[in-house]
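# Summary of structural features
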Amino acid sequence: MPSKLVIVESPAKAKTLSKYLGKNYIIKASMGHIRDLPSKNLAVDVDNNFKPDYQVIPGKSKTVKDLQKAAKTASEIILATDPDREGEAIAWHIAHLLKQDDNSAKRVQFNEITKQAVQDAMKNPGIIDMKKVDAQQARRVLDRLVGYLVSGELWTVIARGLSAGRVQSVALRLIVEREALVLAFVPEEYWIISALAKYDNTEPFKVKLVKLGGEEAKVDNGKQAEQIVSDLKSLPSSLHELKHRKSSQKPSAPFTTSTLQQEASRRLRFSVKRTMTVAQQLYEGQEIGQDGHVGLITYMRTDSTRISPVAIDLAREFITGKYGEEYLSPKVRVFGKKKSAQDAHEAIRPTSLEYPPDKVKPYLKPQHYRLYELIWNRFVATQMADARYEGVTIDIGVGEKGEAPAGSEKGKKGVPPYLLRATGRKLLFPGFRKLWGEQSAEDTDTTKKEDGDSPIEVPDVFFNSGQSGHKVIQSGEQINLQDVDGEQKFTQPPARYSESALVKALDELGIGRPSTYAQIITTLQDRKYVLNEERKLKPTDLGTAVCELLVKEFDEVFNVEYTAKMEKALDKVEDGSSWTDTVQEFWVPFKKHIDRFHAKKGELKKEAQKRTGRTCPQCNEGELIERWGRYGKFISCERYPECK
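Rules of the game
Residues take numbers from 1 onward in each chain, read along the sequence in its written order. Thresholds applied to this predicted model are a pLDDT of at least 70 for local features of residues and 80 or more for the giving and counting of side-chain atom pairs; totals over whole chains, interfaces and linings are not thresholded and use all residues. Calculation of side-chain values draws on the structure's entire complement of heavy atoms; hydrogens and water are dropped beforehand. Counting from the N terminus, the helices are the DSSP runs of H or I reaching at least four residues and the strands are the DSSP runs of E reaching at least two. The cut-offs for exposure are 20% and 50% of the maximum accessible area for each residue type, with area from a 1.4 Å probe on protein chains only; residues under the lower value are buried, those over the upper are exposed, and the others partly exposed. Contacts between residues were defined by any pair of non-hydrogen atoms, one from each residue, lying within 4.5 Å. Counted as positive: Lys and Arg. Counted as negative: Asp and Glu, with His and the chain ends omitted from the count. Each reported salt bridge corresponds to a side-chain nitrogen of Lys or Arg within 4 Å of a carboxyl oxygen of Asp or Glu. A 3.5 Å cut-off defines polar contacts: any pair of N or O atoms within that distance qualifies, except that in protein one atom must be a possible hydrogen donor and the other a possible acceptor, and neighbouring residues in sequence count only when both atoms are side-chain atoms. Strands are treated as partners if at least two bridges between them are detected by DSSP. Note on geometry: axes are lines fitted to C-alpha atoms, helical ones only across the stretch in contact, with angles between N-to-C directions running from 0 to 180 degrees. Stacked, tilted and edge-to-face pairs are distinguished by plane angle, under 30 degrees for stacked and over 60 for edge-to-face with tilted covering the rest, among Phe, Tyr and Trp rings (Trp via its six-membered ring) whose centres lie within 6.5 Å. Over a ring means this: the NZ of a Lys or the CZ of an Arg is within 6 Å of the ring centre and within 35 degrees of the ring normal. One less than the number of residues in a helix, times 1.5 Å, gives the span that helix is expected to have. Criterion for a disulfide: a pair of cysteine sulfur atoms at a distance within 2.5 Å. Across the chain, each position has a pLDDT score giving the predictor's confidence in that residue, from 0 to 100.

A count of helices and strands for the protein chain gives 20 helices and 23 strands. Taking the principal axes of the C-alpha coordinates as reference, the protein chain spans close to 90 × 80 × 40 Å. Looking at the 644 residues of the protein chain, the share that counts as buried comes to 52%. Across the protein chain, contacts joining residues at least 24 apart in sequence account for 73% of those joining residues at least 6 apart.

Put into structure tokens, the structure is as follows:
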């Protein structure tokens, strides 16, 4: 009996599926896309409704012939590419090459590669979703129009080999504009006044000056700092106020593509590209001892924080069994979605709680284990109880109330001239932190940190004040200051983008899709537009020159607001909008920019070349000028090619 042919994208995924489907199935991999727009020309007929000229990708002919040969003897063809727009487009291209009808070709999808999910999908095949295909085509055609046409103009003005992608150029603009802020930044002097406070028989603890005469302390010169230090050493000090507070902290939502990239960068120091590569491999399957090839996580290209009820129930059962009832969140946690979220797939989570990190660790490479553990911990933590804290704020007054502090002519009634502060926090119950550990930038603390101070260690006596069996520490009690000191500081420029920060910015601004960020960041570095120095993205001279030219000539196209607006329009194609109308809406104003750029490229080329004021030593006629080449700047005679 002829076998059924199942076509997936990768050999690893094929290997995992073969474990679940048995001998009646032949599983082949397309190795990603097999048809695309050729790179040698525009390949989009702008006068014929933007008809794309798809061709088999060079090097994929053997794969196509292999699929066609297998299809001839198969009793059924099942397209099981990834469950997103790219996967849908790949399925559509394969169907065309295998002469399958769009409305009858069998399409199956699974958010996770587990036995149950695969078998359920096979029992309920659908058809190719042409709305998703059109949404992918709209993006592909639009990106080709921008990339091919603008890149071509850059070649003639600056240097061959440059590129100007639709989203890539906006990402570059963010990096260049941040660099401009860094370079233009003028540091301002300020002073931090601190001391060690000693109460009764406790260990000294650090306090900082926060208020002068009831107003926020702003010390901007050494003379004022010296006077304040002198006053703090000579004036009497006492407890002004002791405040207690209880706070709680909730776990963050399970991972989306964007938040996984950010947290893997922060905690594991993974590049965005590395994170996506490892996640893809965890999704497609890893060899787990006698269990064979196992898909360990759900699909990793998602913008949803939704979790299936079954997975939530299993997580809650796991928490109760491993940590006890007190560590379980009293209510099932459900996380809201962003307005721009497609919500097509669940959040990223483990496919099964039968594979805790310690069980699979012996079978995984270190990078796979570390990312899997991160995903596991984040998911399980979502259903755990809040972490609970007790916090204290210790305010120490120096000088008599109503006196004027240094730098002021009069004091404020009822207020000490100087107020120093320490804030402390003690963990009462770890809750989800028992699993998740240290605080993440994304975590939500219901208690706002006062004056931006981080909690420090303060003696237990302040936490216990007034509790059963402990003395009440009252305002006015003496607290002595030691080691009073002023430290000169200077304000710092805005931080350059890290890969993680750039991903967060692009995601929050609604530019591009998180699944494309790895490729965008990689391209910026491969094109020598950006350097990654000490995990910070810094534009090169070439990147800055390209960005400045694009902003000058295509500001309406390569800006954040317009790109975000286009993303929304492109998303609507999946909801049924015409993809050709969407591209047309972009094309009309864009074509005007291209035509104008083309008409003045001679002038722009001269502007891009920097004159040195030196005569060519070879011909003694032409002036030496700085030009851009594929490998950076070089100097040549303006009479080139007559003079070489």
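Right, picking up where we left off after that structure.
Turning next to the side chain of Arg 35. Along the polypeptide, Arg 35 turns up in strand β3 (residues 35–36). Despite its burial, Arg 35 pairs with no opposite charge; the closest candidate is Asp 53, at 7.7 Å N-O. At a separation of 3.0 Å, a polar atom in the side chain of Arg 35 contacts the side chain of His 93.

Once that is clear, we can look at the pattern of salt bridges. Between side chains of opposite charge, a pair can form when the charged atoms approach closely. A full pass over the atoms with the stated rule returns 36 salt bridges. Its salt-bridge partner being Arg 107, residue Glu 88 comes within 3.0 Å of it at the nearest N-O pair. Of this pair, Glu 88 sits in helix α3 (residues 85–97) while Arg 107 sits in strand β8 (residues 106–107); the two residues are 19 residues apart in sequence, bridging distant segments of the chain. Of the two residues examined, Glu 88 and Arg 107, each falls in the buried class. Here Lys 591 and Asp 595 are joined by a salt bridge, their closest N and O atoms 2.9 Å apart. With Lys 591 and Asp 595 both in helix α19 (residues 579–599), this residue pair falls four residues apart, about one helical turn.

This part is about the sheet that holds strand β22 (residues 623–629). Strand pairing in a sheet takes place through backbone hydrogen bonds and is either antiparallel or parallel in direction. If you walk across this open sheet you meet the three strands as β21-β22-β23, and the pairing is antiparallel. Two strands close off the open sheet at either side, each with one partner strand: β21 (610–615) and β23 (632–637). Taken over all neighbouring pairs, the strand axes of this sheet differ in orientation by 35° on average, direction set aside. Sheet analysis places β22 next to β23, joined by six bridges and oriented antiparallel. The residue of β23 that forms the bridge with Arg 627 is Phe 634.

A separate point is the pairing of β22. Where burial is concerned, most of β22 is hidden: six out of the seven residues are buried. Pairing geometry for β21 and β22, over three bridges, is antiparallel. Following the sheet pairing, Lys 610 is matched in β22 by Glu 626.

Our next topic: the packing of aromatic side chains. Summed over the entire model, instances satisfying the criterion amount to 16 aromatic pairs. Where Tyr 327 meets Phe 429, the ring centres are 4.8 Å apart and the plane angle is 40°; that geometry is what we call tilted. Taken as a pair, Tyr 327 in the loop between α10 (309–323) and α11 (357–360) and Phe 429 in strand β16 (residues 418–429) lie far apart in primary sequence, 102 residues in all. Taken as a pair, Tyr 327 and Phe 429 share a single burial class, namely buried. Through a chain of ring-to-ring contacts, three or more aromatic side chains come together here, namely Phe 50, Phe 554, Phe 558, Tyr 562, Phe 586, Trp 587, Phe 590 and Phe 597. The positively charged end of Arg 35 is found above the aromatic ring belonging to Trp 92, 5.8 Å away from the centroid. The ring of Trp 436 is capped by Arg 267, whose NZ or CZ atom sits 4.0 Å from the centre of that ring.

Take the environment of His 470 next. With respect to the helices, strands and loops of the structure, His 470 is situated in the loop between α14 (460–464) and β18 (480–490). Counting along the chain gives 69 residues from His 470 to Pro 539, while the straight-line C-alpha distance between them is 59 Å.

A few words now on helix α16 (residues 514–526). Spacing of three or four residues puts side chains on the same side of an α-helix, whose turn is 3.6 residues. Between its first and last C-alpha, α16 extends 19 Å over 13 residues, near the 18 Å set by a 1.5 Å rise per residue. Among the residues making up α16, those that are buried are Pro 514, Tyr 517, Ala 518, Ile 520, Ile 521, Thr 522, Thr 523 and Leu 524. Against α6 (166–184), α8 (257–268), α9 (272–284), α15 (499–509) and β19 (530–533) lie the buried residues of α16. Within two residues after α16, Lys 528 carries a phi angle of roughly 65°, on the positive side.

Quick look at the environment of Gln 609 now. Structurally, Gln 609 is set in the loop between α20 (601–608) and β21. Given the relative accessible area of 18%, Gln 609 is considered buried. With 16 residues separating them along the chain, Gln 609 and Ile 625 place their C-alpha atoms 6.4 Å apart. Not counting residues up to four positions away in its chain, the partners in contact with Gln 609 are Ile 625, Glu 626 and Arg 627.

Considering all chains together, one arrives at zero disulfides under this definition. With no disulfide of its own, Cys 616 has Cys 643 as its nearest cysteine by sulfur position, at a separation of 3.7 Å. Taking relative accessible area as the criterion, Cys 616 reaches 5% and is therefore assigned buried. Free of any disulfide, Cys 619 has its nearest neighbouring cysteine sulfur in Cys 637, separated by 3.8 Å.

Here we come to the sheet that holds β8. Judged by pairing direction, the sheet is parallel, and its four strands sit side by side in the order β2-β1-β7-β8 without closing on themselves. The open sheet terminates on both sides in strands that have one partner only, identified here as β2 (25–29) and β8. Across two bridges, the pairing between strand β7 (residues 76–79) and β8 is parallel. Bridge pairing in β8 places Ile 78 opposite Lys 106. Running at roughly 170° to β2, helix α1 (residues 11–21) makes contact with β1 (4–8) and β2 of the sheet.

Phi is positive for Arg 535, which is not a glycine, with a value near 65°. As for its placement among the helices and strands, Arg 535 is situated in the loop between β19 and β20 (536–539). Of note in the backbone geometry, Asn 620 takes a positive phi value of approximately 55° without being a glycine. For Asn 620, the position within the fold is in the loop between β21 and β22. With a relative accessible area of 58%, Asn 620 lands in the exposed category.

Averaged over the protein chain, the pLDDT score is 89; the fraction of residues at 70 or greater is 95%. Of all helices and strands in the protein chain, the one with the weakest mean pLDDT is strand β17 (residues 444–445) (38), whereas helix α12 (residues 366–381) scores best (97). Below pLDDT 50 for its whole length, residues 440–452 participates in 35 contacts with residues either more than four positions away or in separate chains.

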